[in-house]
Number of protein chains: 2
Amino acid sequence: MDLSYFSNKITAALAQQRYGEAPETLYEPIRYIMALGGKRIRPLLTLLGAHLFTDDLDPIIKPALGTEVFHNFTLLHDDIMDQAPLRRGQPTVHEKWNSTVAILSGDVMLVRAYELFLDVQPELLAPVLRRFSQTAAEVCEGQQWDMNFETEGQVTIEQYLDMIRLKTAVLLGFCLELGALLAGASTEAADHLRQFGTDIGLAFQLRDDLLDVYGDAATFGKRVGGDIVSDKKTFLLLTAQAQANAQQSALLAQHIGQPVTDAEAKVRAVRAVYDELNVRTQTETLINQYFQDALQHLDRVNVPAERKEPLRGVALQLLERES
Amino acid sequence: MDLSYFSNKITAALAQQRYGEAPETLYEPIRYIMALGGKRIRPLLTLLGAHLFTDDLDPIIKPALGTEVFHNFTLLHDDIMDQAPLRRGQPTVHEKWNSTVAILSGDVMLVRAYELFLDVQPELLAPVLRRFSQTAAEVCEGQQWDMNFETEGQVTIEQYLDMIRLKTAVLLGFCLELGALLAGASTEAADHLRQFGTDIGLAFQLRDDLLDVYGDAATFGKRVGGDIVSDKKTFLLLTAQAQANAQQSALLAQHIGQPVTDAEAKVRAVRAVYDELNVRTQTETLINQYFQDALQHLDRVNVPAERKEPLRGVALQLLERES
């Protein structure tokens, strides 16, 4: 089954979704951010997780949208905290309106996300909302760690991996678990799918770190080296700092956390240290490890292999891999 | 039964409540704001609403705490928007930490509020959360109207009453409805209790407006005339503006929306217009009307009169009335 079959269901349902009317300053920002687009990967994972076990996706659609509304709520509030001017090339809500509007619209989006779960079978509602709430709190924890890391001197690789797990990966895992639970899968199968999604999420985030330094400017969409210029504590930087010899440490210290006079020179110098330490290969190895772990979890879900093809396809697409 | 019987249950349960551990910057602000105190009126209303129909309050406690956590979430986020330096005499969370921490801690509090409802009987969970979500969205709508009114030239009395209904009253109504529903009351009884709570909430907010101008500085706790000095569009000001003759309008326009040179003179001048127009009596009349409407709804709840005594007592206490 083609991925567009699932995507079309999501697009159609999102187009029909209503968030509220008055005051306009509360609800127009919600329509605005929801209309900015994006890959809709989270509701897609929920539908694909359900489709492993059922052909009847109608009862899955609203909860699937709940994950997308929740994700956009986090973007809205994160953009305030990051003082980001743009989101998908358009002004962020706090820029187009103001911070007050962005805080309150986000708050209502979190409420609307919960509401989108309320039609699930009564006996599943409490367990589903327990898992959703746990995931939601973890996403907030991840964002808070991320903010903390900006001002903390020492961040370990383990702390960093835990941060991206919370901030990004657990929600992808939950989306798959949700689909499975709603389609009547066993908790064991739902758990394997959750771990599949979490591993894919970790791989995806590490790949994002990698592309910032080694990506093709034309296809990456952001300025290559942006993380280096802004001293972002990525997997690559933390690995380099952990493994650098005295000379390399001194070189990194010359650039990281210092006022930037020549951004291109800074990127070149830091990347040279990465190259000496084989940071690229090390990152690729870890990405591959998460990817293989993910596939092992998918293998353990006891449904016919052809049922898994769309899900495997999305994972490959997310990581832009051929197999 | 004494009110302290119910208050003690709430205090004990709040003391045992855990919100999370790490990162500390996410969870310490939640413990901080929850420990600032307050009257805990919302969980008290939930317990009292339930106690009309049952003696078994144990299953009601956690959802009752959910209303208090939700209320404190709104305080936390409102304080950012209002740039308030103090809350109950202590630094607000965004002052003590920063706005990022205040936004994220608030977000997690909303999640924790939902979690506190998840133990209710499965068949009641969806209807309870639907009503909670509707109420939560309305509270956000009320806050957004309140923010909008600050910069809007024309606000009608009807718009103002609708704003305080959304921002303050509907949550009090929901708390009572929640208690009733969880105790197995009929939807008719739950609805009367909701309206009782909403009317009390409206009366309470109007009384707050009144006390700002005509209250006793020693017992009111805020600076008398603060609303007048800050040009706050209260019921009193909007009533005066709507009923003023040409001379009174000119007098109000001399002071409202103008730079303040002499705050005491401003309060005296505006209050003189209020006095001429009998705004105090008009406000007291409306408060009394809401109070009588509230009591009529309580009368219609079909339980023995003595069961209603604690609830009537809280309403009287909230409005500082003798009967």
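All residue numbers refer to positions counted from 1 along the written sequence of the respective chain. All chains are assigned letters beginning at A, and all ligands numbers beginning at 1, according to the order in which they are written. Only residues with pLDDT of 70 or above have their local features reported here, since the model is predicted, and side-chain atom pairs are shown and tallied only from 80 upward, although totals for entire chains, interfaces and linings are computed over all residues. Think of the side-chain values as coming from all heavy atoms in the structure, minus any hydrogens and water.

Engineer: Please explain the interface of chain B and chain A as it appears in this structure.
Structural biologist: Size of an interface: often given as the accessible area lost when the parts come together. Any two residues whose heavy atoms approach within 4.5 Å at even a single point are treated as in contact. Contact residues are listed per partner, giving 38 residues for chain B and 38 residues for chain A. Using a 1.4 Å probe, buried area is obtained as the accessible area two parts lose upon being combined, added over both of them. Carbon and sulfur atoms supply 71% of the area that chain B and chain A bury against each other, a total of about 3400 Å² over both sides. Contact with chain A buries area across many residues of chain B, yet B:Leu104, B:Leu118 and B:Gln144 alone supply 16% of it, more than any other trio. What counts as a salt bridge is simple: a side-chain nitrogen of Lys or Arg found within 4 Å of a carboxyl oxygen of Asp or Glu. Linking chain B to chain A there are 2 salt bridges. A:Arg130 is the partner of B:Asp119 in a salt bridge, and the nearest nitrogen-oxygen pair spans 3.1 Å. N or O atoms within 3.5 Å of each other form a polar contact, as long as, within protein, one can give a hydrogen and the other can take it, and as long as residues adjacent in sequence are counted only when both atoms are side-chain atoms. Seen at the junction of chain B and chain A, the total is 10 residue pairs in polar contact (both at pLDDT 80 or more). At the level of elements, α2 (24–35), α4 (58–81), α6 (99–115) and α7 (122–151) of chain B are the ones that each hand at least two residues to the side of chain B that touches chain A. At 16 residues, α7(B) tops the list of elements feeding residues into the side of chain B that touches chain A. Each residue gets one of three labels, nonpolar for Ala, Val, Leu, Ile, Met, Phe, Trp, Tyr, Cys and Pro, charged for Asp, Glu, Lys and Arg, and polar for the others, Gly among them. Here the side of chain B that touches chain A is composed, by residue class, of 24 nonpolar, 8 polar and 6 charged. Here a strand is any run of E in DSSP of at least two residues, a helix any run of H or I of at least four, and the numbering for each starts at the N terminus.

Engineer: Sorry, what's going on with the domain arrangement of chain A here?
Structural biologist: Residue and element names in this part refer to chain A. Partitioning chain A into domains gives domain 1 (1–185) and domain 2 (200–323). As used throughout, domain bounds are those supplied by an automatic or database domain assignment. Relative to domain 2, the C-alpha centre of domain 1 lies at a distance of 24 Å. Taken together, the contacts link 28 residues of domain 1 with 23 residues of domain 2. Looking only at domain 1, the three residues that lose the most surface to domain 2 are Leu52, Ile157 and Tyr160, adding up to 31% of its buried area. At the junction of domain 1 with domain 2, the criterion picks out 1 salt bridge. Among the salt bridges present, the one from aspartate 55 reaches arginine 307, with a minimum N-O distance of 2.8 Å. When contributions to the side of domain 1 that touches domain 2 are tallied by element, the ones reaching two or more residues are α1 (3–16), α3 (41–51), α7 (122–151) and α8 (157–182). For the side of domain 1 that touches domain 2, the per-class residue count stands at 18 nonpolar, 5 polar and 5 charged.

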